[in-house]
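Residues per chain are reported as follows:
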Amino acid sequence: MIDSPRVCVHVQSIYVESQSTPDEERFVFAYTVTIRNLGRTPVQLLGRYWLITNGNGREIEVQGEGVVGEQPHIDPGEEYQYTSGAVIETPLGTMQGHYEMVDADGNAFRVAIPVFRLAVTTLIH
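Residue numbers here run from 1 along each chain, matching the order of that chain's written sequence. Since the coordinates come from a predicted model, pLDDT governs what is reported: local features require at least 70, and pairs of side-chain atoms require 80 or more to be given and counted, while whole-chain, interface and lining totals use all residues. In computing side-chain values, all of the structure's heavy atoms are included and hydrogens and water are not.

- Per an unreviewed UniProt entry, the protein chain is named Protein ApaG, and its organism is Leclercia tamurae.

Below, the structure written as structure tokens:
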């Protein structure tokens with residue numbers, strides 16, 4: 001039996017003040033995701049699912065193929081990093097979700113993306 005894939009996801013988010021217009025309830029955030037393959041076999045990211053929640057509890061679901069137009073292969077001991085963005089109507093929110101992936105034998109599996117905060121820098125104490 002093959003070891004189940006071990007994939008680690010880390011996310012860092014920042015507030016993009018230059019693209020935000022708080023008076024129009026538009027808060028723009030960039031987030032950088034690092035996906036590390038800690039397993040022994042290559043994996044491929046096929047799709048993504050995000051649950052974005054603003055400070056008022058309004059939820060938006062986003063899903064689709066790949067990330068930033070790619071379906072990357074990640075070899076054992078390697079990592080893949082990309083940056084994307086989200087726009088919400090409040091200065092504080094969260095994102096979480098999962099990636100749909102396959103291992104070298106074509107076995108599908110999910111990797112959870114832990115909840116992370118979207119926050120205007122001045123709100124964090």
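### Some points on the overall build of the protein chain
Logical step 1: Scanning the protein chain from N- to C-terminus turns up zero helices and eight strands.
Logical step 2: Segments assigned H or I by DSSP are reported as helices when at least four residues long, segments assigned E as strands when at least two residues long, and all are numbered from the N terminus. When the elements of the protein chain are put in sequence order from the N terminus, they spell out β-β-β-β-β-β-β-β.
Logical step 3: Based on the C-alpha atoms only, the size of the protein chain along its principal axes is roughly 55 × 25 × 25 Å.
Logical step 4: Here the contacts in the protein chain between residues at least 6 apart in sequence split such that 64% fall between residues at least 24 apart. Contacts are assigned to residue pairs with any non-hydrogen atoms lying within 4.5 Å of each other.

### Digging into the side chain of Thr34
Logical step 1: Looking at the secondary structure, you find Thr34 in strand β2 (residues 27-37).
Logical step 2: Relative accessibility under 20% of the residue-type maximum defines a buried residue, over 50% an exposed one, and the middle range a partly exposed one, all with a 1.4 Å probe and only protein chains included. For Thr34, a relative accessible area of 5% corresponds to the buried category.
Logical step 3: Setting aside chain neighbours within four positions, we find Thr34 in contact with Cys8, Val9, His10, Glu79, Tyr80 and Gln81.

### A few points about the packing of aromatic side chains
Logical step 1: Aromatic pairs are defined between Phe, Tyr and Trp rings, using the six-membered ring for Trp, whenever the two ring centres lie within 6.5 Å; interplanar angles under 30 degrees are classed as stacked, those over 60 as edge-to-face, and all others as tilted. This structure, assessed with the given rule, holds seven aromatic pairs.
Logical step 2: The interplanar angle of 85° and the centroid separation of 5.9 Å between the aromatic rings of Trp50 and Phe116 together place this pair among those described as edge-to-face. Note that Trp50 is positioned in strand β3 (residues 43-54) and Phe116 in strand β8 (residues 108-119), a separation of 66 residues in sequence.
Logical step 3: Owing to a relative accessible area of 2%, Trp50 belongs among the buried residues under this scheme.
Logical step 4: Three or more aromatic residues joined by ring pairs form one cluster here, namely Tyr31, Trp50, Tyr99 and Phe116.

### Describing the pattern of salt bridges
Logical step 1: For salt bridges, the criterion is a side-chain nitrogen of Lys or Arg within 4 Å of an Asp or Glu carboxyl oxygen. Inspection of the entire model under this criterion finds three salt bridges.
Logical step 2: Between Glu100 and Arg110 there is a salt bridge, with the nearest N and O atoms lying 2.8 Å from each other. Note that Glu100 is positioned in strand β7 (residues 92-103) and Arg110 in strand β8, a separation of 10 residues in sequence.
Logical step 3: Taking relative accessible area as the criterion, Glu100 reaches 29% and is therefore assigned partly exposed.

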